[in-house]
Amino acid sequence: MKQSEIKEASTADLQEALTENRQAFANLKMAHTISPLDNPIQLRVHRRAIARIATELTKREVQ
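These notes cover the structure that comes with them.

Reading the values: rules and limits
- Residues numbered from 1 in each chain as written.
- Predicted model: local features only at pLDDT ≥ 70, side-chain atom pairs only at ≥ 80, totals over all residues.
- Heavy atoms only, no water.
- Salt bridge = Lys/Arg side-chain N within 4 Å of Asp/Glu carboxyl O.
- Helix = DSSP H or I, 4+ residues; strand = E, 2+ residues; numbered from the N terminus.
- Expected span 1.5 Å × (residues − 1).
- Buried < 20%, exposed > 50% of the residue type's maximum accessible area, 1.4 Å probe, protein only.
- Contact = heavy atoms within 4.5 Å.

For the structure shown, the criterion picks out two salt bridges. Taking the shortest distance from any N to any O, the salt bridge between Lys59 and Glu56 comes out at 3.6 Å. Of this pair, Lys59 and Glu56 both sit in helix α3 (residues 41-62), three residues apart, which is roughly one turn of that helix. With a shortest N-O distance of 3.1 Å, Arg60 and Glu56 are connected by a salt bridge. With Arg60 and Glu56 both in helix α3, this residue pair falls four residues apart, about one helical turn. Among the charged side chains, a salt-bridge network with shared partners connects Glu56, Lys59 and Arg60.

As structure tokens, then:
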């Protein structure tokens, strides 16, 4: 998700996206442990998406 999409999404949508990204990251990480991924950059993409979504959720809790 792009940063603009994250800011416009509802909190429930962000929670769902966070769960999906965490699951996808865990699956990719496990697959990469067993045998190398064709595109290991996917790990970085998912990790950064998780961080962006978590940051937005924290910002919303604080406000």
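After that view of the structure, there is still more to cover.
Its 24 residues give helix α2 (residues 11-34) an end-to-end C-alpha distance of 35 Å, which sits within 8% of 34 Å, the value for a rise of 1.5 Å per residue. If you check which residues of α2 are buried, you get Leu14, Ala17, Leu18, Asn21, Phe25 and Leu28. Buried residues in α2 make contact with α1 (3-8) and α3.

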